[in-house]
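Summary of the model geometry
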Amino acid sequence: MVNENDFESSYPDDEEVVPFDGHAGSFPKEFGYGAFDGDHDVTLSSNNEQKPRILLMGLRRSGKSSIQKVVFHKMSPNETLFLESTNKIVKDDINNSSFVQFQIWDFPGQIDFFDSTFDSDMIFGGCGALVFVIDAQDDYMDALNKLNITVTKAYKVNQNIKFEVFIHKVDGLGDDFKMESQRDIHQRANDDLSDAGYDKIHLSFHLTSIYDHSIFEAFSKVVQKLIPQLPALENLLNILNTNSAIEKSFLFDVVSKIYIATDSTPVDMQSYELCCDMIDVVIDVSWIYGYSVRDEQETTAFDEQSSSLIKLNNGTVLYLREVNKFLALVCILREDNFDHKGVIDYNFLCFREAIQQVFELRNKHQSMTNSSGSPIINGKNIVGDTHMNSSFIDETN
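Residues numbered from 1 in each chain as written. Predicted model: local features only at pLDDT ≥ 70, side-chain atom pairs only at ≥ 80, totals over all residues. Heavy atoms only, no water.

Some details on the overall build of the protein
Cut-off, in case you're wondering: Helix and strand definitions here come from DSSP, where helices need a minimum of 4 consecutive H or I residues and strands a minimum of 2 consecutive E residues; each element is numbered from the N-terminal end. Residue burial is assigned from relative accessible area. The probe radius is 1.4 Å, only protein chains are included, and a residue is buried under 20% of its type maximum, exposed over 50%, and partly exposed in between.
Of the regular secondary structure elements, the protein holds 10 helices and 13 strands. The buried share among the 397 residues of the protein stands at 55%.

Description of unusual backbone geometry
At Lys169, a position not held by glycine, the phi torsion is positive, near 60°. By the secondary structure assignment, Lys169 is in the loop between strand S5 (162-168) and helix H5 (175-195). A positive phi is found at Lys257, a non-glycine position, where the angle reads about 65°. Structurally, the position occupied by Lys257 is in the loop between strand S7 (248-253) and strand S8 (258-262).

Focus on the nonpolar core
The condition is simple: By nonpolar core we mean a set of buried residues, namely Ala, Val, Leu, Ile, Met, Phe, Trp, Tyr and Cys, connected to one another through side-chain atoms within 4.5 Å.
Core analysis: the biggest nonpolar cluster contains 66 residues, and Ile54, Phe166, Phe219, Phe252 and Phe351 have the highest contact counts within it. Broken down by element, the residue count for this core peaks at eight residues, all from helix H8 (residues 269-289). Membership of the second largest hydrophobic core comes to 34 residues, among which are Tyr140, Leu144, Leu147 and Val151.

Focus: helix H2 (residues 64-73)
Among the 10 residues of H2, 10 are classified as buried, and the element is accordingly described as predominantly covered. Of all the positions in H2, only Lys64, Ser65, Ser66, Ile67, Gln68, Lys69, Val70, Val71, Phe72 and His73 are classed as buried. A positive phi of about 60° marks Lys74, the residue just after H2.

Things to note about the sheet that holds S8
Rules: DSSP calls a pair of strands paired once it identifies at least 2 bridges connecting them. What counts as an axis is a line fitted to C-alpha atoms, over the stretch in contact for a helix, and the angles between N-to-C directions run from 0 to 180 degrees.
Read from one edge to the other, the open sheet built from five strands follows the order S8-S7-S13-S12-S11, with strand pairing classed as antiparallel. The outermost strands of the open sheet, each flanked by one partner alone, are S8 and strand S11 (307-311). The mean angle between the axes of side-by-side strands here comes to 25°, regardless of whether they run parallel or antiparallel. As paired strands, S7 and S8 are joined by four bridges and run antiparallel to one another.

A look at the confidence of the model for the protein
Interpretation of this model should avoid reading the predicted coordinates in detail wherever pLDDT is low. The following threshold applies: Predictor confidence is given residue by residue as pLDDT, running from a minimum of 0 to a maximum of 100. Two residues qualify as a contact provided that any one of their heavy atoms is within 4.5 Å of a heavy atom in the partner residue.
Mean pLDDT over the protein works out to 78, with 74% of the residues at or above the 70 mark. Low confidence marks residues 292-299, where pLDDT is under 50. Its contacts with residues over four positions away, or in another chain, come to five contacts. Confidence over residues 370-389 falls short of pLDDT 50; this stretch has 50 contacts with residues more than four positions distant or in other chains.

With respect to the layout of surface pockets
Test applied: Space inside and on the surface of the protein is sampled on a 1 Å grid over the protein atoms alone, with a cavity defined as a set of points where a 1.4 Å probe fits but cannot get out and a pocket as an open set with protein on both sides within 12 Å along at least 5 of 7 lines; lining residues have an atom within 4 Å of a point. Grid points are joined across faces, edges and corners, and a volume is the space filled by probe spheres set on the points.
Taken as a whole, the largest pocket spans an internal volume of roughly 390 Å³. Along the wall of the largest pocket there are 23 residues; nearest its centre are Arg61, Ser62, Gly63, Ser66 and Lys169. If one sorts the elements of the lining of the largest pocket by residue count, H2 sits on top with three residues.

Section: the pairing of strand S6 (residues 203-207)
Let me state the cut-off plainly: Note on handedness: a crossover is taken as right-handed if, strands pointing away from the viewer, the path from the first strand over the helix to the second is clockwise.
Burial analysis of S6 places four of its five residues in the buried class, the great majority of the element. Pairing of S5 with S6 involves five bridges; the strand directions are parallel. Within S6, the residue paired with Phe166 across the bridge is His206. Assessed by its sense of winding, the connection that carries the chain from S5 through H5 to S6 is right-handed.

Re the packing of H2 against helix H6 (residues 214-224)
Helix packing for two helices is described by the angle between their axes and how far apart those axes are. Rules: Orientation is classified from the angle alone, with under 35 degrees giving roughly parallel, over 145 giving roughly antiparallel, 65 to 115 giving roughly perpendicular, and any other angle giving oblique. Residues were grouped as follows: Ala, Val, Leu, Ile, Met, Phe, Trp, Tyr, Cys and Pro as nonpolar; Asp, Glu, Lys and Arg as charged; and all remaining residues, including Gly, as polar.
At a closest axis distance of 11 Å, the pairing of H2 and H6 adopts a crossing angle of 85°. The orientation of H2 with respect to H6, classified from their angle, is roughly perpendicular. Between H2 and H6, the contacting residues are Ile67, Val70, Val71 and Phe72 on the first element and Ile215, Phe216 and Phe219 on the second. Split by residue class, the contact of H2 with H6 holds seven nonpolar, no polar and no charged.

Below, the structure written as structure tokens:
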């Protein structure tokens, strides 16, 4: 176990779904979540029932499938222009990272909730989050009506669902129009719910586009709500920052560039974009120069020895360290504070050990979750601040 006093500190329209072959984007095709599961029927095994479910809903051509392909399958945003409309429920398992484990269900826009074949209890019962996508470049009155029907239907089945609204395709809109659209959609959506007697339903709104990092940041916030270990992870990052003079830190899922946790300081979009770009650079370079074949066994380019350091011309340092095969810590700090790199590296090792304890406790208690619902939504936090100590070194002492 690690004690906090031991820390070191260095100062301060009816078409088939088109399968994606994985060649687009900056990531190599071998580095991903595996084959796309879109052609499989939507049937749940006992293992799948254990995973929380994220539902992607919205009108036709609102951009649901494009979001899924760009975020989780590394498709280039320009290639999404050739995607066909979804005409059936498409299921995708995201299960490579120990923390990022869930299912994404992409629903066709023409789905009828009042159809007798639509099983609301099965669809919404194990749902962790419902993401409703609205095309901001189109007339959104029909979308708001569909949003109201969808949310109220889901809430009747499962009151624990997190409702997220992506105001999408805002890349072609001016800043003033973006904010006005968000304000209008926010007001109308909440008024509709209030008029229907559902004042307790909370909707979260995000301005998104697949042509910038906004979609990754929005999905990060959605995924974080499904991670019961989030308070423990945030606490560990705060301790690491305090004892290592780090200004901002992110714990990234390197495949999707979703950050599953960050410290308690506000997230600056520019800083997040820099960290995402750094991950792209590290993965690209690793696969160019770090790929090798030994004894006919492929070795992973991103491994426990992976690290990267980028110094910016404004005196800021970006520092990346691998946590495990799919997680990386990216830190932002002043160049002067990086003089104590040995202290920072030691504290990172303590941080990685503590993260491993979170993994072990999570696995230990996984069998105790309720198999009939979403364990991450219905279960309690597995790890709290009191479950582990940290042995970072505070150099100021």
